[in-house]
Each structure stands twice: as C-alpha cells, then as structure tokens.
Amino acid sequence: MTLSPSTETQLMTLATIPVQILATRDEIDRYIEDCLQSLTRQTGLGEKFRLVPIIATHQPVDAAWMQGLIERFQGEHFHPQHMTIDRYCGYGEKQNLIWNEVTRSIPRDERVFIALNPDTIVHRDCVLSLWEMYLAKKDDAFVVEARQFPHENPYRHFNPDTYEISWCSGACALYADALFETGGGFDEHIFLYCEDVDLSWQAWQYGKKCYYCPWAYISHMTGGLFRGVYQTHKYPQHAYYMGLGHLILAKKYFGHDEARFADLLKVFEQDVYTPDVVKDRCLRDFRAMEPELVVFDRPMKEIHMGRFGEFTGTV
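The model shown is predicted, which means the values in this text are computed figures rather than measured ones.

(A) Main features of the overall build of the chain. Scanning the chain from N- to C-terminus turns up eleven helices and eight strands. Taken against the 2.2 N^0.38 rule, which gives 20 Å for 315 residues, the C-alpha radius of gyration of the chain at 20 Å falls within 12% of a compact globule. By its C-alpha atoms, the chain is 70 × 45 × 35 Å across when sized along the principal axes. Here the chain, with 315 residues, has 52% of them falling under the buried criterion. Sequence separation of 24 or more characterises 79% of the internal contacts of the chain that already satisfy a separation of 6 or more. When the accessible area of the chain is evaluated, it comes to approximately 15,000 Å², of which 50% is carbon and sulfur surface. A gap of 2 Å separates the mean positions of the 31 positive and 44 negative side-chain charges of the chain.

This is how it looks when you write it as structure tokens:
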C-alpha cells in the first residue's frame, strides 16, 4: 500500500511516548488488561502520538501468557513490551531501571515519558491532555500530573490560574527526561512512598515546575474506590515507609536549617499513629543513611512540610 504524502508526514511527526508500568504479579492478574485497553482508546493515538507501554515485573509471571498479552495488544501505534526486574529494590530504583535500560534508548523528538500505576483506568483524553499541557509549559515543566478520580490520593491544592502544584503523585504523571538526566531520577534511598514528592521537589530545586492537569483523568483503584483491599497486617509496613520518607525529606530539604530540621523530627516523634517500635526502626535506618543524602540549601515556598505526611506548599 502506498501512503499519501499527508499520511506519511503525519506518521513521521507522531510523538513517541513511553509509558512505564511497574507491576506485581497480583497487579498483572487483576488490572493490567484493563489498564492496557484504556491506553489503546486514547484520543490522539495514531494522530498525535504513539505509545510504547513498558510493563516491568519484579515477581515471576507466566512468560507464555505475558507474551500472548503483548502480542494481543500490539498495534500500528501501540507497541507494548515486557521487561523483567530480577533484583530486590524499591519502587524508585525499579522506575530508574526501566528508564535506564529501556525508555532512554527509545528514539523520540520530545524526550518525555509517562509513569503509570497498573491499577488504573486511563480516561480517553488523559494522555492527550498531559501531552498538550506539557507542550504549552515545556520551557519550565519537568512534571505534569493527571487527576485521580473519584478521589485524589492524597488531595493537594494547585494554583487555579497557572496549574502549578507543589508536588505530583506518581500514579500517573508525564516526566521530562531532563529531570532524570539532571538529578539521576528517583532517590533510591526511598524504598517506598514519598519518592514522587522528592522527585517533584527536585524539579523545583532545579529551577523547573510541577503542573497539575485537572481535565486529564484516571480512575485509580486505591483507597478511594476499594478500601476493603487494605489489610491490617500491612499497617506497620506502611507506617515504617511513611516515617522513613518523612525523615529523608526533612533532611534533604530542611537539613540546612538546624532549627527547622529539629522541628520536623519532633513532628515525627510526636505522631500518635506510628507505633514506638516503628519509630525506633525508622530513626535507626535513617541515621545509617543520613550521611549519604544530598541536602538542598535553597528554601522555596513550594516545598513545605507541615503535619506528619503533609507535603503541600504554596504555589
């Protein structure tokens, strides 16, 4: 078949957008087909962009089944692939591995990618909305975040005039490669939780901004939709990683101010919902890694820590 000149031009000018999807075996079983299906239905797919979903698994999955899934969803402008992570590491380190080993080598004119939770349904205009906001803000944007429906996790304020936001949730966000190239990506000291806060605050420190796109929707199958999936035995683990994340952020962004850093330590120590045994472990592990942490010395109104687990600043 011979393509018309206009069609050839259109295909040549399509943006290529990798989509990093990090999934457990359970998430593969429960969510991945619906997530991929929603990506295939995006407005603008094949007209303004092509998508390259990179499904990275860090637990054993059936190779034949996964290959069948990849083949079933392959399309002219939709090219999923599977990557195996064969070492034990945190969420941020896994995302860094995907970017370093696959994403950064994908030819693209606009060097951006999307990080997406597998337990999401991406509404039809989401990718196009993220992409268009990035293009409009690209001179100063490092991150553009989608809106989580029906509830934000967690809720944050954004500037209704500029759409700037103090930090972007990693559930569905478009990142500029330059953020990873400048700072090395996610801080691998953070095993779980708060890594998206930290990466967003790095963007502000590097003189760039974070944006929120309120008309780019995803449905996120988390607490707002499925509170019953949370199990009581997971609470100490959640409290530990949240506590350790609080301490790391306090050190990195307020460690240059001894009095402010001391106040943030008290916020952690006085949190009534974190068991003392968990606090002790957090402090011990934090002190061990503290000398390795990069401390930023530029106070910014966008970077704020209030009550325990509250990171929303003024934008």
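(B) Fine view of the packing of helix H3 (residues 32-40) against helix H4 (residues 63-73). Relative to each other, H3 and H4 sit at 15°, their axes nearing to 11 Å. Taken as axis vectors, H3 and H4 run roughly parallel relative to one another. As H3 runs across H4, the sense of the crossing is right-handed. For the pair H3 and H4, the contacting residues are Ile32, Glu33, Leu36, Gln37 and Thr40 in the first and Trp65, Leu69, Arg72 and Phe73 in the second. Of the residues contributing to the contact of H3 with H4, the split by class is five nonpolar, two polar and two charged.

(C) Highlighting the environment of Met289. As for its position among the elements, Met289 is in helix H11 (residues 276-289). Looking at Met289, the relative accessible area reads 12%, which means it is buried. The sequence separation of Met289 and Thr182 amounts to 107 residues, and the corresponding C-alpha distance is 22 Å. Ignoring anything within four residues of it in the chain, the contact list for Met289 reads His189, Leu244 and Ile248.

(D) Broad picture of the pairing of strand E3 (residues 81-84). Bridge analysis of strand E2 (residues 49-57) against E3 gives four bridges, and the strand direction is parallel. Note that in E3 the partner of Ile55 across the bridge is His82.

(E) Quick peek at the packing of aromatic side chains. Summed over all chains, the structure comprises 22 aromatic pairs. A ring pair is formed by Trp131 and Tyr134, whose centres lie 6.3 Å apart and whose planes are at 20°; its orientation type is stacked. Of this pair, Trp131 and Tyr134 both sit in helix H6 (residues 126-137), three residues apart, which is roughly one turn of the helix. Look at Trp131 and you get buried, because its relative accessible area is 7%. Taken together, a centroid distance of 4.7 Å and an interplanar angle of 35° make the contact between Phe158 and Tyr212 tilted. With a gap of 54 residues between them, Phe158 in the loop between strand E6 (141-149) and strand E7 (172-176) and Tyr212 in strand E8 (residues 209-220) connect regions that are remote in the sequence. You can call Tyr212 buried: its relative accessible area is 4%. One aromatic cluster is present, formed by Tyr91, Trp99, Phe113, Tyr175, Phe180 and Phe186 through successive ring pairs. If you follow Arg156 out to its NZ or CZ, it ends over the ring of Trp167, 4.4 Å from the centre. A cation sits over an aromatic face here: Arg260 above Phe254, 5.3 Å from the ring centre.

(F) Just H3, in detail. Looking only at H3, the buried set comprises Ile32, Cys35, Leu36, Ser38 and Leu39. Projected down its long axis, H3 shows its buried positions confined to an angular sector of 160°, all on one face.

(G) Structural view of the nonpolar core. Leu39, Leu130 and Trp201 are the most contacted members of the largest nonpolar core, which totals 88 residues. In terms of residues, this core owes the most to one element, helix H9 (residues 235-254), which gives eleven residues. Leaving out residues up to four positions away in the same chain, Leu130 has contacts with Ile114, Val144, Glu145, Ala146, Cys172, Leu174, Cys213 and Ala216. In this structure, Leu22, Ile98, Val102 and Ile106 belong to the second largest nonpolar core, which totals twelve residues.

Reading guide: rules and limits
Residues numbered from 1 in each chain as written. Predicted model: local features only at pLDDT ≥ 70, side-chain atom pairs only at ≥ 80, totals over all residues. Heavy atoms only, no water. Helix = DSSP H or I, 4+ residues; strand = E, 2+ residues; numbered from the N terminus. Rg over C-alpha atoms; globule rule 2.2 N^0.38 Å. Buried < 20%, exposed > 50% of the residue type's maximum accessible area, 1.4 Å probe, protein only. Contact = heavy atoms within 4.5 Å. Areas by Shrake-Rupley, 256 points an atom, 1.4 Å probe, with all protein chains shown as cover. Lys, Arg positive; Asp, Glu negative; His and termini not counted. Charge placed at Lys NZ, Arg CZ, Asp CG, Glu CD. Axes fitted to C-alpha atoms, helices over the stretch in contact; angles between N-to-C directions. Parallel < 35°, antiparallel > 145°, perpendicular 65-115°, else oblique. Left-handed = near helix turned anticlockwise from the far one by under 90°. Nonpolar A, V, L, I, M, F, W, Y, C, P; charged D, E, K, R; others polar. Pairing = 2+ DSSP bridges. Phe/Tyr/Trp six-rings, centres within 6.5 Å; stacked < 30°, edge-to-face > 60°. Lys NZ or Arg CZ within 6 Å of the ring centre and 35° of its normal. Arc of directions from axis to C-beta. Core = buried A, V, L, I, M, F, W, Y, C linked by side-chain atoms within 4.5 Å.

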